[in-house]
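The primary structure of each chain is shown beneath.
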Amino acid sequence: MNQDPLWYKDAVFYELNVRAFCDSDGDGHGDFRGMIQKLDYLLYLGVNCVWLLPFYPSPLRDDGYDVADYYNISPKFGTLDDFREMLDVYHAAGIKVISDLIVNHTSDQHSWFIESRSSLDNPKRHWYVWSENDQRYLQTRIIFIDTEASNWAYDPHTGQYYWHRFYSEQPDLNFDNSEVQEEILNVMRFWLDMGLDGFRVDAIPYLFEREGTNNENLAETHQFLKRMRRVVDDEYPGRILLAEANQWPRDLLPYLEPDEFQMAFHFPIMPRLFMALRKGNRQDVVDIMNDTPPISPENQWCMFLRNHDELTLEMVTEEQRQWMWKEYAPDDRMRLNLGIRRRLAPLLDNDIRKINLLNALLFSLPGSPIVYYGDEIGMGDNIWLADRNGVRTPMQWDESKNAGFSGADITYEPVINDNGYGYQKVNVAAQIDKPDSLLNMTRNLIKVRSAHPVFGRGGFTMLEPENTAILAYERELSEAAKMVVEGAARVLVVANMSGEEQKVTMGIDAVQGTDLLTGQTHHLNGPLILNPYEYLWLKLG
Ligand code: NOJ
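Everything in this summary refers to the structure shown in the same document. (Residues numbered from 1 in each chain as written. Predicted model: local features only at pLDDT ≥ 70, side-chain atom pairs only at ≥ 80, totals over all residues. Heavy atoms only, no water.)

### Thoughts on the pairing of strand 14 (residues 368-372)
Phase 1: Counting buried residues in strand 14 gives five out of five residues, a clear majority hidden from the surface.
Phase 2: The alternating pattern of strand 14 places Ser368, Ile370 and Tyr372 on one face and Pro369 and Val371 on the opposite face, and all of these are buried.
Phase 3: In terms of strand pairing, strand 1 (residues 13-16) meets strand 14 through three bridges, oriented parallel. Among the inter-strand pairings, Phe13 is bridged to a residue of strand 14, identified as Ile370.
Phase 4: Pairing analysis gives three bridges linking strand 10 (residues 300-304) to strand 14, with the strands arranged parallel. (Buried < 20%, exposed > 50% of the residue type's maximum accessible area, 1.4 Å probe, protein only. Helix = DSSP H or I, 4+ residues; strand = E, 2+ residues; numbered from the N terminus. Pairing = 2+ DSSP bridges.)

### Here's the deal with the pairing of strand 7 (residues 198-202)
Phase 1: Here strand 7 lies mainly inside the structure; five of its five residues are buried.
Phase 2: Alternating positions in strand 7 separate into two faces, Gly198, Arg200 and Asp202 on one and Phe199 and Val201 on the other, with burial throughout.
Phase 3: Summarising the sheet, strand 3 (residues 96-102) and strand 7 pair through four bridges and their orientation is parallel. Bridging across to strand 7, Ser99 finds its partner in Phe199.

### Points about the nonpolar core
Phase 1: Counting 160 residues, the largest nonpolar core has Tyr14, Leu52, Phe83 and Trp537 as its most contacted members.
Phase 2: No other element matches helix 7 (residues 178-194), which puts eight residues into this core.
Phase 3: Leu463, Ala472, Leu528 and Leu538 belong to the second-largest nonpolar core, a separate cluster that totals 15 residues. (Core = buried A, V, L, I, M, F, W, Y, C linked by side-chain atoms within 4.5 Å.)

### Description of unusual backbone geometry
Phase 1: Not every positive phi belongs to a glycine, and Asn217 is a case in point at roughly 60°.
Phase 2: Looking at Asn217, the relative accessible area reads 22%, which means it is partly exposed.
Phase 3: Backbone geometry places Asn402, a non-glycine residue, at a positive phi of 50°.

### A word on the pattern of salt bridges
Phase 1: The tally for this structure, following the rule as stated, stands at 40 salt bridges.
Phase 2: Between Arg388 and Asp309 there is a salt bridge, and its shortest N-O distance comes to 3.0 Å. Of this pair, Arg388 sits in the loop between strand 14 and helix 15 (428-432) while Asp309 sits in the loop between strand 10 and strand 11 (311-312); the two residues are 79 residues apart in sequence, bridging distant segments of the chain. Each member of the pair, Arg388 as well as Asp309, is classed as buried. (Salt bridge = Lys/Arg side-chain N within 4 Å of Asp/Glu carboxyl O.)

### A few points about the side chain of Gln170
Phase 1: Relative to the assigned elements, Gln170 resides in the loop between strand 6 (160-163) and helix 7.
Phase 2: Owing to a relative accessible area of 0%, Gln170 belongs among the buried residues under this scheme.
Phase 3: Among the polar contacts listed, one links the side chain of Gln170 to the backbone oxygen of Tyr65, at a separation of 3.0 Å. (Polar contact = N/O pair within 3.5 Å; in protein donor to acceptor, adjacent residues only side chain to side chain.)

### Let's talk about the packing of aromatic side chains
Phase 1: The final tally for this structure, using the stated rule, is 39 aromatic pairs.
Phase 2: Arranged with centres 5.8 Å apart and planes meeting at 5°, the rings of Phe113 and Trp130 form a pair that is stacked. Of the two residues, Phe113 is situated in helix 6 (residues 111-116) and Trp130 in strand 4 (residues 130-131); the sequence distance between them amounts to 17 residues.
Phase 3: Looking at Trp130, the relative accessible area reads 10%, which means it is buried.
Phase 4: Centre to centre, the rings of Tyr137 and Trp163 are 5.2 Å apart; their planes meet at 75°, and the pair counts as edge-to-face. Linking Tyr137 in the loop between strand 4 and strand 5 (152-155) with Trp163 in strand 6, this pair joins segments that are 26 residues apart in sequence. Trp163 carries the same exposure label as Tyr137, and that label is buried.
Phase 5: One aromatic cluster is present, built from ring pairs that chain together Phe32, Phe55, Tyr56, Tyr71, Phe83, Phe190 and Trp191.
Phase 6: The ring of Trp397 has Lys38 lying over it, and the distance from NZ or CZ to the ring centre is 4.1 Å.
Phase 7: A cation over an aromatic ring shows up here: Lys279 above the ring of Trp323, its NZ or CZ 5.1 Å from the ring centre. (Phe/Tyr/Trp six-rings, centres within 6.5 Å; stacked < 30°, edge-to-face > 60°. Lys NZ or Arg CZ within 6 Å of the ring centre and 35° of its normal.)

Have a look at this one:
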């Protein structure tokens, strides 16, 4: 097991939905024993840390982000013993495991809320945010705009309104109440005691409410998050906290501090990678990277292309959003809230050159990458399913019944079964022996990245050669790191974002570079020619 306290800087993460991964007992839902069975696959792929989507008991209004009991797991996924065994087996194989921690809100079926709403003087009344009217905090945006008209919901039993940032079935906890704070810290301890390696902490900008603000990123919220981090550092050193805050990079800086989160998702770069690719022009990526301030050496960005939610377009202008919808979500059904409910392969026209290219950027931009389960084999989506379920369908292992995911007659959601992306064609078994398959290309990127810590730890310099179809940047280890870290010290990444052949003169001090992915040498003292969507990871010096 990697004992380096900065392990997350070198890690490749895999976002795994236990429900969707492998069903060991034939009830149509994936479970922890199924996850144990699939360990070899994750070892083959080469990922180092798995992020588990919520597995706690839940009525599933928000697919588990509505927790009904923090100290248990949903019986559909197995038992606490199964969970412990999974952790042991994964740890023994060198894979770390983090899970979602949902602290901003609970399910309305949680016993705390059932008590809270039962009377005005119930001891749990102030565990949630109640109000006489729905006119408070009016400067707060609504997140699930397709479903919710207000952040307040009326509770007829006590005649008051309760506050919720997401579905009305997800009442927000009241962090002004010290009992709530203590309880959440205890929830953390419960899972960390079991051996979990950390948390992806959900919806963190919204913990506190203050009149006259937009109720995001408040100072009080940061104070509590620092308490969470102190628990980790004092009682569980080496475990990590990853921030889910859909904000601009500069607004994320207060979260990404040595005394708060080790990691934070870089949300705004994600749509811009898709924008640059569609335009065949690097500028959107250049702009957002120029707008990404430096962070301290202990901290790390977390990069992703897709996840279990809609491809969020919150961090773009209105004009860019309309353009993204037009280009990537031509059918209304593909749109949800401020985003696009599609998977990676369909977004990229199932063109393996484009998928490999975006992966090559995902794995070489500064930060640690996350692969969303199924995207490594180019799984499709089902836009006709409700909410975001269309990107959460069963993992496609082989061409047998239910894609080898489950022996049940009915699975929690149907397996993808259409011409382009059906499990009969898109599955692990069909790709594993083919060196050029998406699975093996992704695996190779992971392998090369993992052999060269410069990708996780090195500095970043954007280059702007004359040809704007070319996105190019350098990653370089500091002088101090060069002494202790293995692999290439300086890497030049060159990517042709367009579907045309491109010629580019790099104009840097190196005369040649060796592609870490193919072993081929490229001369840099003259122009480079790149095929459509071609990318190079050139080791310099
Ligand atoms: C962010 C999660 O990624 C999303 O799936 C969920 O609906 C909201 N937070 C609310 O918990």
